[in-house]
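Take a look at the letters that make up each chain.
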Amino acid sequence: KLLLQHAARRGGELQLAGEQGSLILDEIRRMESTIQGLLDFSRTPVLHQVTHDLRATLQRSLNLVEGRLVQSKISLQVQIGDQPVEVHADSEQLNQVFVNLLLNAAEAMPDGGRVIVRLERIVDRSAARLEISDTGPGVAAEIQGRLFEPFATTKERGTGLGLAICRRIVRDHAGQIQTENPSDGGARVIVELPLATTGLSV
């Protein structure tokens, strides 16, 4: 807005240098992202739950972020096993959670690193457990206890809504999400969701 106002005050035809135009577009994209985050947080979407193999949803999420990881020189290790992990859940919303968590891991390692994704069935708790670990600096101590609260962020331009939305989606599925800093470094996000009680339907 300031750039446009300055250009308008000069009178005549509106002209912007290449760098100014690029800056305006970057700021518009940031505002769009912020507004979308606020909209996503303020509304409670209807769950469209079906029984499905959680590995398929996770693989879709991995496919979506693979290019970003390669571009950021981040290696990916995936351990999902060869047995179905059946959940009764909204695949679209879980995909949103997984993509957000994977991108957060990538952003924590601007100079490259490694992301390890592990999915398993915890039979004695009837739960699916997903771990996403990175080799970044770990979760800062000052934000650890409120990481999933709205507007809590250490990012210079973050809204702090992404993880809050993730927590709501996971809780809507009767699951839980938490983070920890492993002793060998980095950060780990753990998502647990109830296993489906019936056979695979889709």
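Only a predicted model underlies this, so the values are computations on that prediction, with no experimental measurement involved. Within each chain, residues carry numbers counting from 1 in the order of the written sequence. Two thresholds apply to this predicted model, a pLDDT of at least 70 for residue-level local features and 80 or more for giving and counting side-chain atom pairs, whereas whole-chain, interface and lining totals are computed over all residues. Working from all heavy atoms in the structure, the side-chain values ignore hydrogens and water.

Draft legend 1. View of the sheet that holds strand β2 (residues 74-79). Taken together, five strands build an open sheet; the order of strands is β2-β4-β5-β7-β6 and the sheet is mixed. What marks the edges here is a single partner per strand, and that holds for β2 and β6 (176-180). Ignoring strand direction, the axes of neighbouring strands in this sheet form an average angle of 15°. As defined by bridge partners, strand β5 (residues 127-134) adjoins strand β7 (residues 187-194) across eight bridges and the pair is classed as antiparallel. Strands qualify as paired when DSSP identifies two bridges or more between them. Strands are runs of DSSP state E lasting at least 2 residues, helices are runs of H or I lasting at least 4, and numbering of each runs from the N terminus. Between N-to-C directions, angles span 0 to 180 degrees; the directions come from axes that are lines fitted to C-alpha atoms, helices contributing only their stretch in contact.

Draft legend 2. Just the packing of helix α4 (residues 91-107) against helix α6 (residues 162-172), in detail. α6 packs onto α4 with a crossing angle of 145° between their chain directions and a minimal axis gap of 10 Å. Read as a crossing pair, α4 and α6 show a hand that is left-handed. Between α4, through Q93, L94, Q96, V97, N100, L101 and N104, and α6, the contact on the second element is made entirely by G162, L163, I165, C166, I169 and V170. Its residues assigned to classes, the contact of α4 with α6 shows eight nonpolar, five polar and no charged. What makes a crossing left-handed is the near helix being turned counterclockwise from the far one by less than a right angle; a clockwise turn instead makes it right-handed. Pairs of residues are marked as contacts when any of their non-hydrogen atoms sit within 4.5 Å. Classification convention: Asp, Glu, Lys, Arg as charged; Ala, Val, Leu, Ile, Met, Phe, Trp, Tyr, Cys, Pro as nonpolar; all other residues, Gly among them, as polar.

Draft legend 3. Broad picture of the layout of surface pockets. Approximately 190 Å³ is the volume found for the second largest pocket. Cavity: a set of points on a 1 Å grid over the protein atoms alone where a 1.4 Å probe fits but cannot get out. Pocket: an open set with protein on both sides within 12 Å along at least five of seven lines, its lining residues, like those of a cavity, having an atom within 4 Å of a point. Considering the residues around the second largest pocket, the lining is formed by R114, I116, R118, E131, S133, D134, T135, P182, D184, G185, A187 and R188. Of all the secondary structure elements, the ones that give two or more residues to the lining of the second largest pocket are β4 (113-122), β5 and β7. The residue inventory of the lining of the second largest pocket, partitioned by class, reads three nonpolar, three polar and six charged. Grid points are joined across faces, edges and corners, and a volume is the space filled by probe spheres set on the points.

Draft legend 4. Representation of α4. In a regular helix each residue adds 1.5 Å, so 17 residues correspond to 24 Å; α4 covers 24 Å between its end C-alpha atoms and thus fits that length. Any residue under 20% of the maximum accessible area for its type is buried, any over 50% is exposed, and the rest in between are partly exposed; the area is computed with a 1.4 Å probe on protein chains only. Along α4, the positions that sit buried rather than exposed are Q93, L94, N95, V97, F98, V99, L101, L102, A105 and A106. Sitting at the amino-terminal end of α4 is D90, which places a side-chain oxygen 3.0 Å from the backbone nitrogen of E92. For a helix, the expected span equals 1.5 Å multiplied by the residue count minus one. Distance and chemistry together define a polar contact, namely a pair of N or O atoms within 3.5 Å, with one atom able to donate a hydrogen and the other to accept it when in protein, and with adjacent residues in sequence counting only for side-chain atoms on both sides.

Draft legend 5. Just a nonpolar patch on the surface, in detail. The grouping of L25, I28, M31 and I35 at the surface amounts to a nonpolar patch, some 360 Å² of accessible area in total. Relative to the assigned elements, I35 resides in helix α2 (residues 18-42). A relative accessible area of 49% places I35 in the partly exposed class. Patch definition: residues with relative accessible area over 30% and no salt bridge; like charges joined within 9 Å; nonpolar side chains (Val, Leu, Ile, Met, Phe, Trp, Tyr) joined within 5 Å. Areas reported as accessible are Shrake-Rupley estimates using a 1.4 Å probe. Residue values count occlusion only from the protein chains shown. Should a side-chain nitrogen of Lys or Arg be within 4 Å of a carboxyl oxygen of Asp or Glu, the pair is scored as a salt bridge.

Draft legend 6. Local environment of unusual backbone geometry. A positive phi angle, close to 60°, is found at K73, a residue other than glycine. Checked against the element boundaries, K73 lands in the loop between α3 (54-71) and β2. Taking the relative accessible area as the measure of exposure, K73 reaches 71% and is therefore exposed. With a phi close to 60°, A174 is a non-glycine residue in the positive phi region.

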